[in-house]
Amino acid sequence: MSPLYIHGEWAESSGGEKIAVHDPTTGKEIRSIPSATERDVERATRAARRAQNDWQRRPAKERGDLIREIADLIEENVDSLAETLVEEQGKTRSVAAYEIRASADIARYMAEWDRRIEGDVVPGSAPRQSISLLRRPYGVVSGIIPWNFPISVFVRKFSPALVTGNTTVLKPSELTPLTTLELTDLIHQEIDLPPGVLNVVAGGGNVGAKLVSDDEVDYVTMTGNVETGKAIMRNAADDLTRVSLELGGKAPAIVCSDADIESAVSHIVSSRTVNAGQACTCVERVYVHEDVHEEFQPLFVDAMESLEIGDPRDDPDMGPQVSAAEQDKTQRAIKQAIEQGATVLTGGIEVSDPPTDEGHWVLPTVLANVDQEMDVVKEEVFGPVAPLIEVDSLDQAIEYANDSRYGLSSYVFTESYRNAMQITEDLDFGETFINGSGGAQQGHHIGWNESGLGGEDGKHGALKYTQIKSVYHNFQ
Ligand code: NAD
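Asks: An account of the domain arrangement of the protein chain is requested, with residue identities and associated values reported.
Replies: The domain boundaries assigned to the protein chain delineate domain 1 (4-247 + 450-474) and domain 2 (251-440). A straight line from the C-alpha centre of domain 1 to that of domain 2 covers 31 Å. Domain 1 puts 26 residues into the contact, and the matching count from domain 2 is 30 residues. For the pair domain 1 and domain 2, the summed buried surface comes to about 2,100 Å²; carbon and sulfur atoms form 54% of the total. Inspection of the domain 1/domain 2 interface yields three salt bridges. Here Glu-227 ties to Arg-405 by a salt bridge, and the two come within 3.4 Å at their closest N and O atoms. At the surface where domain 1 touches domain 2, the tally comes to 15 residue pairs in polar contact (both at pLDDT 80 or more). Of all elements in the fold, only α3 (78-89), α4 (93-111) and α8 (226-237) reach the threshold of two or more residues within the side of domain 1 that touches domain 2. Looking at the side of domain 1 that touches domain 2 residue by residue, the class counts come to eight nonpolar, nine polar and nine charged.

Asks: If you had to explain the side chain of Asp-114 to someone new, which residues and values would you point to?
Replies: On the secondary structure map, Asp-114 appears in the loop between α4 and β5 (120-123). Among the polar contacts listed, one links the side chain of Asp-114 to the side chain of Arg-68, at a separation of 2.7 Å. When near neighbours in sequence (up to four residues on either side) are disregarded, Asp-114 contacts Ala-60, Lys-61, Gly-64, Arg-68 and Val-163.

Asks: Kindly report on the pairing of strand β9 (residues 198-201), identifying the contributing residues and their values.
Replies: Burial along β9 is two-sided: Leu-198 and Val-200 facing one way and Asn-199 and Val-201 facing the other are all buried. Examined bridge by bridge, strand β1 (residues 4-6) and β9 share two bridges and lie antiparallel to one another. The partner of Leu-4 across the bridge, within β9, is Val-201. One ladder, built from three bridges, connects strand β8 (residues 167-171) with β9; its direction is parallel. Across the sheet, Val-169 pairs through a bridge with Asn-199, a residue of β9. One crossover worth recording links β8 to the parallel β9 by way of helix α6 (residues 178-190), and it is right-handed.

Asks: Mind laying out the environment of Leu-345, listing which residues take part and the relevant values?
Replies: Examined against the element boundaries, Leu-345 turns out to sit in strand β14 (residues 343-346). Residue Leu-345 is classed as partly exposed on the basis of its relative accessible area, which comes to 29%. For Leu-345, the residues in contact, after removing those within four places along its chain, are Gln-297, Val-301, Glu-305, Val-366 and Ala-368.

Calculation rules
Residues numbered from 1 in each chain as written. Predicted model: local features only at pLDDT ≥ 70, side-chain atom pairs only at ≥ 80, totals over all residues. Heavy atoms only, no water. Domains from an automatic or database assignment. Contact = heavy atoms within 4.5 Å. Buried area = accessible area lost by both parts, 1.4 Å probe. Salt bridge = Lys/Arg side-chain N within 4 Å of Asp/Glu carboxyl O. Polar contact = N/O pair within 3.5 Å; in protein donor to acceptor, adjacent residues only side chain to side chain. Helix = DSSP H or I, 4+ residues; strand = E, 2+ residues; numbered from the N terminus. Nonpolar A, V, L, I, M, F, W, Y, C, P; charged D, E, K, R; others polar. Buried < 20%, exposed > 50% of the residue type's maximum accessible area, 1.4 Å probe, protein only. Pairing = 2+ DSSP bridges. Right-handed = clockwise from strand over helix to strand, strands pointing away.

This is how it looks when you write it as structure tokens:
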């Protein structure tokens with residue numbers, strides 16, 4: 001499989017090193033593809049530049065129609081795309097199918113913005129003057145994708161960028177390039193996109209860095225971890241290239257004294273363990289009011305313990321971690337918490353009866369005797385590990401929840417209108433879920449603080465790919 005899709009054609013790498021893609025369930029190599037080189041990135045960004053003017057000048061509805069066709073194409077190929085996704089990322093079959101369907105939904109939603117990009121007309125300051133504020137694309141957008149939702153993030157970046165008149169060069173994660181290349185090939189075969197509008201280059205961090213520093217790139221949209229985001233921002237500073245960064249999280253869940261406990265348990269367990277705990281929105285720390293702690297803890301431990309772990313092709317509750325390195329990071333976080341005084345209520349480091357010998361397994365783990373200062377409460381843990389902390393008041397829960405360098409998702413469980421309103425007002429997070437979980441395309445997924453700069457989905461996720469141009473009309 002070629003790693004490069006440039007100017008509407010598959011192309012060979014000009015000599016990049018091999019990227020080996022592994023199946024997280026078996027640890028075996030599935031495929032090895034050559035990485036793009038810096039020279040290849042230049043070919044791709046130049047192709048995007050050449051295509052941009054004509055693309056921008058097309059009627060917006062024609063751009064939207066092509067994105068709608070891509071949405072249909074994704075829906076027609078859910079099963080085959082999901083199969084590849086399971087194989088390279090280790091998602092369970094139903095979560096993989098959900099991700100593919102969600103990708104179609106993203107494309108369909110963003111296509112709706114084709115005829116909805118509006119500007120403003122405001123009065124001038126001189127006699128017989130009017131001012132138009134127009135929205136224009138940036139030009140060439142590069143998209144840098146993580147491995148945890150490889151296909152939905154790919155679609156989440158190119159759909160709004162293309163609909164608003166930009167052209168794109170996107171890079172999947174080196175861990176999970178295959179589903180992206182498969183979808184790109186379907187688009188290549190079936191959709192009449194003008195050459196150069198959508199380009200794909202596979203490779204690792206060095207290819208990503210070139211997608212930031214390249215002279216032809218006007219805007220970088222990246223999803224990944226905080227440290228990579230900071231490196232990208234530094235790299236972009238020289239040319240003042242615009243960046244939009246969707247980064248890691250450390251989502252708190254607050255369980256109030258008047259919460260529906262069964263519902264809270266069910267939402268928190270599924271949020272903490274979806275995609276084996278590898279989602280930026282996962283609940284990563286649970287603050288439980290002392291009045292309900294005794295009721296909550298055993299139900300929560302039981303629910304985590306009873307999850308079925310296994311080969312994602314059999315669609316259990318949870319599959320493996322994506323790689324040995326991610327498994328190791330999660331295990332180290334558990335070990336460190338134990339060394340700092342936490343006790344394991346279920347799960348832990350050892351997996352006594354792993355579904356496969358070489359898979360990257362971590363058990364759903366609940367930690368008690370955790371205090372606010374421990375690393376497991378402070379730093380993102382991208383695995384199914386839930387530290388529980390008892391709190392004596394809502395104020396204390398809010399104070400602990402806000403005591404974080406992250407600010408992406410947050411969760412609250414309460415039956416009281418007053419609590420819900422107070423928490424919504426006081427939590428310093430880009431998104432707060434009250435008595436539920438799971439976002440929607442028309443909302444806005446945004447990280448505050450070190451969780452990001454920008455945001456995706458909804459009106460604001462579409463408009464961010466435009467910049468404002470002021471035109472002064474003098475007609476006296
Ligand atoms: P990562 O930062 O390691 O990699 C993300 C992408 O950046 C990859 O394509 C990688 O090759 C590339 N990259 C690495 N170094 C680079 C550099 N110096 N310059 C440019 N590109 C570079 O992240 P990951 O491990 O793939 O993804 C997991 C992280 O992503 C977690 O922290 C998770 O919370 C976060 N995430 C955030 C969101 C969100 O919407 N906020 C969504 C999904 C994942």
